[in-house]
Amino acid sequence: MSAPDTHSVVVMSEGAVGEVEEANATVGAALCSGTVPERYVLLLRDVQSDLLALAADLSALGSDGSDRAIDAAAVQRVLAAVDEHRSEPVPADFAVLGGSTSAVGLLRLARMTVRRAARSVRRLVHGGAVPDVSCAGAYLDALAELLLVVAFESELLERQQLPVGWCGDGSGLMDLTRIVPRRESHAWLSGRG
């Protein structure tokens, strides 16, 4: 297999950098949603720092690779976080259903972006053009798993919360339609009176 030309490598690396930055922004949006459980906030801030460092690593292709921020230790750190935060296996159907909160949905979106970035990095490495970022692909694969675990665990925590309107007697949600006036029955609400 022939090595890709320099222009192709630059285009592929810029694409990978953009995908990493997109994942970082999506994790940031999840954090800003205010629905990320407190126990994951610092972890996700660390993830954002790693993603910034990874984007810098991918931007510096062609350097000697001796100062890469994302290395085997970073991969092991993320894998350890997966083990630490996973309380049970993530069911297969969780990967295709929507989340219960903004954070869960955004974390899953970040995961998809991370997986896309991992594919881009693997194309760079397997093309033979950039052998010095091989840990980047492993890091992104581990991060995709971590984001799925954090999204799932966040969903489990959300399900444990009592929803607004829950009756303490165990009968379920209150019927709020009897309490909230209907627009049609009040002329002053609809501007018809």
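Below, the structure is looked at part by part. (Residues numbered from 1 in each chain as written. Predicted model: local features only at pLDDT ≥ 70, side-chain atom pairs only at ≥ 80, totals over all residues. Heavy atoms only, no water.)

## What about the overall build of the protein chain?
Then step 1. Scanning the protein chain from N- to C-terminus turns up six helices and zero strands.
Then step 2. Written out in order from the N terminus, the α and β elements of the protein chain read α-α-α-α-α-α.
Then step 3. Looking at the protein chain as a whole, 39% of its 193 residues are labelled buried.
Then step 4. Put simply, the protein chain shows about 11000 Å² of open surface, and 56% of that area lies on carbon and sulfur atoms. (Helix = DSSP H or I, 4+ residues; strand = E, 2+ residues; numbered from the N terminus. Buried < 20%, exposed > 50% of the residue type's maximum accessible area, 1.4 Å probe, protein only. Areas by Shrake-Rupley, 256 points an atom, 1.4 Å probe, with all protein chains shown as cover.)

## Considerations on the environment of arginine 116
Then step 1. Within the element layout of this structure, arginine 116 appears in helix α4 (residues 102-126).
Then step 2. The class of arginine 116 is partly exposed, set by a relative accessible area of 30%.
Then step 3. Separated by 28 residues in the primary sequence, arginine 116 and alanine 144 have C-alpha atoms spaced 9.8 Å apart.
Then step 4. Ignoring sequence-local partners within four residues, the contact set of arginine 116 consists of Glu19 and Glu22. (Contact = heavy atoms within 4.5 Å.)

## Notes on the packing of helix α3 (residues 72-85) against helix α5 (residues 134-160)
If you want to describe how two helices pack, look at the angle between their axes and the distance between the axes.
Then step 1. Packing of α3 against α5 brings their axes to within 9 Å, and their N-to-C directions diverge by 20 degrees. Taken together, α3 and α5 sit at an angle that is classed as roughly parallel. Here α3 and α5 pass one another in a crossing that is left-handed. Here Ala72, Ala74, Val75, Val78, Leu79, Ala81, Val82 and His85 of α3 lie close against α5, whose contacting residues are Cys135, Ala138, Tyr139, Ala142, Leu143, Glu145, Leu146, Val149 and Glu153.
Then step 2. Taken together, the residues that form the contact of α3 with α5 break down as 14 nonpolar, one polar and two charged. (Axes fitted to C-alpha atoms, helices over the stretch in contact; angles between N-to-C directions. Parallel < 35°, antiparallel > 145°, perpendicular 65-115°, else oblique. Left-handed = near helix turned anticlockwise from the far one by under 90°. Nonpolar A, V, L, I, M, F, W, Y, C, P; charged D, E, K, R; others polar.)

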